[in-house]
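A structural walkthrough
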Amino acid sequence: MANRDVRLALWSGTNFSVRRILFRRGGVAVRDLGAFRFNNVLSSFRLRNVVQRSEVTLVLFSGINFRGSFRVFRGSQNVANLENFNFNNVTSSFIVVGRNLTDAEITQIQRTARPPQDILVIRQ
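First, a word on scope: everything that follows refers to the structure included in this document.

What counts, and where the lines are drawn
- Residues numbered from 1 in each chain as written.
- Predicted model: local features only at pLDDT ≥ 70, side-chain atom pairs only at ≥ 80, totals over all residues.
- Heavy atoms only, no water.
- Helix = DSSP H or I, 4+ residues; strand = E, 2+ residues; numbered from the N terminus.
- Contact = heavy atoms within 4.5 Å.
- Lys, Arg positive; Asp, Glu negative; His and termini not counted.
- Charge placed at Lys NZ, Arg CZ, Asp CG, Glu CD.
- Phe/Tyr/Trp six-rings, centres within 6.5 Å; stacked < 30°, edge-to-face > 60°.
- Buried < 20%, exposed > 50% of the residue type's maximum accessible area, 1.4 Å probe, protein only.
- Lys NZ or Arg CZ within 6 Å of the ring centre and 35° of its normal.

Across its full length, the chain carries one helix and nine strands. By principal-axis analysis of the C-alpha atoms, the chain measures approximately 30 × 30 × 25 Å. The contacts in the chain between residues at least 6 apart in sequence include a share of 70% that link residues at least 24 apart. Averaging the coordinates of the 18 positive side-chain charges in the chain and doing the same for the 7 negative ones gives two points 6 Å apart.

Written out as structure tokens, the structure reads:
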């Protein structure tokens, strides 16, 4: 299963510094980062699919329950400063999966507040 190969590390500081939260398995939807005391503090992250580098999607949302504005990151990558994407200290919820979500799927998630099936959903 592709979600087993996903790794996501979130940092509250730029350049992968300060407080870190690590997800060692993909297929996770966090409805409210307040559950981790991490609401509106995300500044950098590392995203990986360790088997198929291009098969991973991270969607950051400004509102809880996958609402508000969003930024999409597809493929393995390191983002040292979310300010470069006008999204520093903005994230309140996110979804990470071990495949490439389409724009239509992301729009549906935002419209319905329902993440893709077969992933772990973390609520506050």
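Before going further, it helps to spend a moment on the packing of aromatic side chains. Counting across every chain of the model gives seven aromatic pairs. Seen in terms of ring centroids, F45 and F73 are 4.9 Å apart; in terms of plane orientation they differ by 70°. Their pairing is edge-to-face. Of this pair, F45 sits in strand β4 (residues 44-49) while F73 is found in strand β6 (residues 67-74), placing the two residues 28 residues apart along the sequence. Accessibility expressed as a relative area gives 0% for F45, which makes it buried. On the accessibility criterion, F73 (3% relative accessible area) is buried. Lying over the aromatic face of F16, R46 brings its terminal NZ or CZ to 3.8 Å of the ring centre.

What is shown is where atoms sit, not what they do.
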